[in-house]
Amino acid sequence: MHTKTIAQLSQGLKDKEFSSVELTQHYLNRINQSQLNAFITVTDDLAMKQAQAADEKIASNNANILTGIPYAHKDIFCTQGVKTSAGSKMLDNFISPYDATVSHQLNNADLVMLGKSNMDEFAMGSSNENSYYGSVKNPWDVTKIPGGSSGGSAAAVAARLSAFATGTDTGGSIRQPASLCGITGLKPTYGRVSRYGMIAYASSLDQAGPMTQTAEDAALVLNVMSGFDEKDSTSAEQDVQDYTANLNDSIKGLTIGLPKEFFSEGLDNEVADNVMAAVKEFEAMGATVKEVSLPNSAYAIPTYYIVAPCECSSNLSRLDGVRYGYRCEEPKDLEDLYLRSRSEAFGEEVKRRIMIGAYALSAGYYDAFYLKAQKTRHLISDDFKKAFENVDVIMGPVSPTTAFDLGSVKDPVSMYLADIYTLSANLAGLPGMSIPAGFAQNLPVGLQLIGNYWSESKLLNIAHQFQQQTDWHQKMPQEN
Ligand code: GLN
């Protein structure tokens, strides 16, 4: 059962080949046997209850296409009555009193939550090594990282521990782990999916999306995740389309832009070869290719690594040991309570970013760092605006290399370089995808698609057409 896509599972449930209870039990068994550390919390009891309820709906012909499908929910989404840790010791004792809008939408679609997936602490990282709950292992090679920050979600889908997973992408955290684990991941346009109840990292960049085996599945999940939400002031009042409606459109005449800056120094040769082979496949399907330039993409890393820490230093200030979350033992006074609670419960990378952010926002440095970063952010967006005057979609690599060894990247700046191709889409607020496009060094390689604002439907169509011609998305790692 676990090799099936959502679309196939849905058919199987409808045809009574298996029940949601059987399917859910099957995934729970797989999770129990897995050594990947993909989950922080497994919600067995809740999952079985939801599966029973789903089976009743199926029996009484009240089911929708997602009824009874089991999934992994990134532990950054608040889930009422279930621990929501964001991968941090700070929230190890936090049982959310309410549901995030996304959690609510998934519940309303009668989906079955298997558990909360592992992640880098507060979504800060590119390797999932910053989790308080330990690293996640890449299912293709357990000595490698799965990518981050949605590493647990990516590993769970790749290892078929769940039919799909949710992720969030502030600077690449859906696309990069999707690429390194060989699955499909979609980061929608900023404002498409509600951020309400999604623990904030960098509010002007954060966006949630589906992590699935196929583009068709991503469309099915995006259909229920997206939509205007009055509880999120940055949520867009854009109509929700049926994202499955255009999957089968022909892509003849599509114009693909290849940014020359995405194929320069630092990109692994074999990764580049795979990406170019995928582009050739599109040409064979009737697309044309043009070189484009995103001249300011060199500033994506410095810009992002000012904007994101500034926003996180503000967002994480609420975690002070007073209201909820970790509190140090026997504080002497209020200052000691703040100081020790935060020192004891935040990990190193989170502290580093809070300090960088607080520094960059301080009077005297604000103009030199934060304001400057906001200006370069604008330039990066303008580059895309120009490029999209001539092309329909931009393609390139997701990550400069395949998955690297656990523990091998020790200095933070080298880790930030892993994000070089993903950050620009977040800074501009554009939708982006990673789709499986080959293997290098026996590890998966993803192809990145970046579209214009609100072009999710087009991206899914392009990805689906590619998946009709190739079988990279069907490859599965060995059991471990
Ligand atoms: N790797 C990036 C960071 O550490 C992106 C993380 C994300 O998208 N949440 O900030």
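**Concerning the environment of Val 240**
On the secondary structure map, Val 240 appears in the loop between helix H7 (215–225) and strand E7 (255–259). For Val 240, a relative accessible area of 39% puts it in the partly exposed group. Setting aside residues up to four positions removed in sequence, Val 240 forms contacts with Arg 192, Asn 223, Ser 226 and Gly 227.

**Observations concerning the site of the ligand**
Near the ligand there are 15 residues, and of these Thr 170, Gly 171, Ser 173, Tyr 201 and Tyr 304 occur at the shortest range. In this structure, Ser 173 approaches the ligand through a side-chain N or O atom, which is 2.6 Å from an oxygen atom. Protein chains shield 100% of the accessible area of the ligand, which is 300 Å² for the free molecule. Classifying every residue of the shell around the ligand gives five nonpolar, seven polar and three charged.

**Here we look at the packing of H7 against helix H15 (residues 456–469)**
Viewed as axis vectors pointing N to C, H7 and H15 meet at an angle of 155 degrees, and their least axial separation amounts to 8 Å. When the axis of H7 is compared with that of H15, the two are roughly antiparallel. Where H7 abuts H15, its residues Ala 215, Glu 216, Ala 218, Ala 219 and Leu 222 lie against Glu 456, Leu 460, Ala 463, His 464 and Gln 467. Classifying every residue of the contact of H7 with H15 by side-chain character gives six nonpolar, two polar and two charged.

**So, the nonpolar core**
Phe 122, Phe 282, Met 395, Leu 449 and Leu 460 are the most contacted members of the largest nonpolar core, which has 137 residues in total. A per-element tally of this core places helix H9 (residues 300–315) first, with nine residues.

**Re the side chain of Ser 85**
Position of Ser 85 relative to the elements: it lies in the loop between strand E2 (70–74) and helix H4 (101–108). For Ser 85, a relative accessible area of 0% puts it in the buried group. Among the polar contacts listed, one links the side chain of Ser 85 to the side chain of Asp 75, at a separation of 2.6 Å. There is a polar contact of 3.0 Å between the side chain of Ser 85 and the backbone nitrogen of Gly 87. Apart from the residues within four sequence positions on either side, Ser 85 is in contact with Ile 40, Asp 75, Leu 91 and Tyr 133.

**Some thoughts on helix H5 (residues 151–158)**
Buried residues dominate H5, accounting for eight of its eight residues. Where H5 is concerned, the buried positions are Gly 151, Gly 152, Ser 153, Ala 154, Ala 155, Ala 156, Val 157 and Ala 158. Immediately downstream of H5, the backbone of Arg 160 shows phi near 60 degrees, a positive value.

**Details of the side chain of Ser 20**
Turning to its location among the elements, Ser 20 is positioned in helix H2 (residues 20–33). Judged by relative accessible area, which is 0%, Ser 20 ranks as buried. If sequence neighbours within four positions are ignored, Ser 20 has contacts with Leu 13, Ala 51, Ala 54, Asp 55, Gly 68 and Val 112.

**What about the pattern of salt bridges?**
If you walk through the whole model with that rule in mind, you get 15 salt bridges. With its nearest N and O atoms 2.8 Å apart, the salt bridge here joins Arg 353 to Glu 349. Remark: Glu 349 and Arg 353 occur in helix H11 (residues 348–361); sequence separation between them is four residues, near one turn of the helix. Comparing Arg 353 with Glu 349, the two get one shared label, buried.

Each value, and the rule that gives it
- Residues numbered from 1 in each chain as written.
- Predicted model: local features only at pLDDT ≥ 70, side-chain atom pairs only at ≥ 80, totals over all residues.
- Heavy atoms only, no water.
- Helix = DSSP H or I, 4+ residues; strand = E, 2+ residues; numbered from the N terminus.
- Buried < 20%, exposed > 50% of the residue type's maximum accessible area, 1.4 Å probe, protein only.
- Contact = heavy atoms within 4.5 Å.
- Near = heavy atom within 4 Å.
- Polar contact = N/O pair within 3.5 Å; in protein donor to acceptor, adjacent residues only side chain to side chain.
- Areas by Shrake-Rupley, 256 points an atom, 1.4 Å probe, with all protein chains shown as cover.
- Nonpolar A, V, L, I, M, F, W, Y, C, P; charged D, E, K, R; others polar.
- Axes fitted to C-alpha atoms, helices over the stretch in contact; angles between N-to-C directions.
- Parallel < 35°, antiparallel > 145°, perpendicular 65-115°, else oblique.
- Core = buried A, V, L, I, M, F, W, Y, C linked by side-chain atoms within 4.5 Å.
- Salt bridge = Lys/Arg side-chain N within 4 Å of Asp/Glu carboxyl O.

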